[in-house]
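# Geometric and topological summary
In case you want the letters, here they are:
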Amino acid sequence: MASIKSLNKFFSIQDKAVFSNGKNNQTKLDLTTQHSKAEIYLHGAHLTQLTLNNNKVVWLSPDAIFDGTKAIRGGIPICWPWFGKASADNNLPQHGFARNSLIEVDSIIEQKNGDIVAALKLKNSETSMSIWPFKFELVVTFQLGEQFTISLSTHNLDSKPINISEAIHTYFAVEDIEHTRLVGLSDCHYFDQLSKKKSCQQGDVVFNQETDNIYDQPKNHFVIQTTNRKAVNIKHIGANAAVVWNPWNDKAASMADFTSNEYTKMLCVEAANIQPIEIAPGLKHTISQTIYV
Ligand code: BG6
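Below you will find a few notes about this structure. (Residues numbered from 1 in each chain as written. Predicted model: local features only at pLDDT ≥ 70, side-chain atom pairs only at ≥ 80, totals over all residues. Heavy atoms only, no water.)

### Regarding the overall build of the protein chain
Across its full length, the protein chain carries three helices and 22 strands. Taking 293 residues into account, the globule formula puts the C-alpha radius of gyration at 19 Å, and the protein chain, at 18 Å, falls close to it. On the principal axes, the C-alpha backbone points of the protein chain span a range of 50 × 45 × 35 Å. In the form shown here, the protein chain has an accessible surface area of approximately 13600 Å², with 46% of it arising from carbon and sulfur atoms. Side-chain charges of the protein chain comprise 27 positive and 29 negative groups, with the mean position of each set lying 3 Å from the other. (Helix = DSSP H or I, 4+ residues; strand = E, 2+ residues; numbered from the N terminus. Rg over C-alpha atoms; globule rule 2.2 N^0.38 Å. Areas by Shrake-Rupley, 256 points an atom, 1.4 Å probe, with all protein chains shown as cover. Lys, Arg positive; Asp, Glu negative; His and termini not counted. Charge placed at Lys NZ, Arg CZ, Asp CG, Glu CD.)

Have a look at this one:
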């Protein structure tokens, strides 16, 4: 693992992209532009804070664990190279291993328009090959400006095709989940992971109980409307599904890193590929989520 000093020497941009020791001495990167701020931990290439035009965009659990042993609760975890339970083996980590891996810095640049683009890279290792026997390169790119885009680009470096499922698991901050609407999914078919039933969404998604839906082939533009906050726009590219999740009171209370009442302040809207996608040898696949307020 490179030291903070060498990361700053090779990659920092004065006052705009700076590495430092974050919570529990975990390495983090702070990005600042004229309009926005982001904080990213190298553990899991995990964005933990995002402010666009002074609007707080993501929720971070006050009880999030930052010791590198598990995914940080809140912000934007990355689910890769599988979403949910691994089909091959129940003992493999839920939502894949990327969110629990230390991810290297590849490049940080400032564009002419003032946007900062930081790319982090995860490559296959002995550990990854022991649970997922494929050669790959995963590049996680964060572009911060007036709007924000996160993308996951999977490059198959193996001689055989690889199949992945994945998600950009964004925890959006909301004022009060019971006064929040998610617009853009009306008429979309979904699978309710709690009742295991398929349904069709009628109108906006509203929230008054635990929700865990996988929307199939949705449109690519959604809006979160919540009281006392500006509407948040979300655009997806390269995603065959959108996951909408709120654990509600009981499930939140059962999680060590989730103070129970905090479920009222968050809503996950995830860009995802749930039906596995096949990537041929040498090819790349990219999924992205763009957010603007
Ligand atoms: C969501 C899933 O994406 O992530 C839920 O649809 C799951 O089923 C949730 O409970 C949180 O997962 P985890 O592993 O971060 O607790």
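### Examining the packing of aromatic side chains
Here the structure, examined in full by the defined rule, presents 15 aromatic pairs. For the pair Trp 132 and Phe 134, a centre-to-centre distance of 4.8 Å together with 65° between the ring planes defines the contact as edge-to-face. For the pair Trp 132 and Phe 134, one class covers both residues: buried. Plain terms: the ring middles of Trp 248 and Tyr 263 are 4.9 Å apart, the flat faces sit at 50° to each other, and that makes the pair tilted. (Phe/Tyr/Trp six-rings, centres within 6.5 Å; stacked < 30°, edge-to-face > 60°. Buried < 20%, exposed > 50% of the residue type's maximum accessible area, 1.4 Å probe, protein only.)

### Section: the pairing of strand 14 (residues 189–192)
Going residue by residue along strand 14, you find Tyr 190 and Asp 192 tucked away on one face and His 189 and Phe 191 left uncovered on the opposite face. Two successive antiparallel strands, strand 14 and strand 15 (residues 197–200), enclose a turn made up of four residues, where Lys 196 displays a positive phi of approximately 65°. As judged from the three bridges shared by strand 14 and strand 17 (residues 211–216), these two strands associate in the antiparallel manner. Following the sheet pairing, Asp 192 is matched in strand 17 by Asn 213. (Pairing = 2+ DSSP bridges.)

### Details of the pattern of salt bridges
Enumeration according to the criterion identifies twelve salt bridges in this entry. The salt bridge partner of Asp 257 is Lys 70, with a shortest N-O separation of 2.7 Å. Of this pair, Asp 257 sits in the loop between helix 3 (248–253) and strand 21 (266–279) while Lys 70 is found in the loop between strand 5 (55–56) and strand 6 (78–79), placing the two residues 187 residues apart along the sequence. By relative accessible area, Asp 257 is classed as buried at 2%. According to the relative accessible area criterion, Lys 70 is partly exposed, its value standing at 29%. Here Asp 158 makes a salt bridge to Lys 160, at a shortest N to O gap of 3.1 Å. Since its relative accessible area comes to 40%, Lys 160 is described here as partly exposed. Because the salt bridges share partners, they merge into one network encompassing Lys 28, Asp 30 and Glu 39. (Salt bridge = Lys/Arg side-chain N within 4 Å of Asp/Glu carboxyl O.)

### Thoughts on the state of the cysteines
Using the criterion set out here, one finds zero disulfides in the structure. Unpaired in this structure, Cys 79 has its nearest cysteine sulfur neighbour in Cys 268, at a distance of 9.1 Å. Considering cysteine sulfurs only, Cys 188 is the nearest to Cys 200, which forms no disulfide, with 7.5 Å between them. (Disulfide = S-S within 2.5 Å.)

### Examining the nonpolar core
Ranked by internal contacts, the top residues of the largest apolar core, which has 77 residues, are Leu 50 and Phe 148. Per-element accounting of this core gives the leading share, seven residues, to strand 21. Once residues within four sequence positions are removed from consideration, Leu 50 is found in contact with Lys 37, Ala 38, Asn 55, Lys 56, Val 57, Val 58, Leu 144, Phe 148 and Ile 291. Of all hydrophobic cores here, the second largest spans seven residues; its members include Cys 79, Phe 83, Val 243 and Ala 272. (Core = buried A, V, L, I, M, F, W, Y, C linked by side-chain atoms within 4.5 Å. Contact = heavy atoms within 4.5 Å.)

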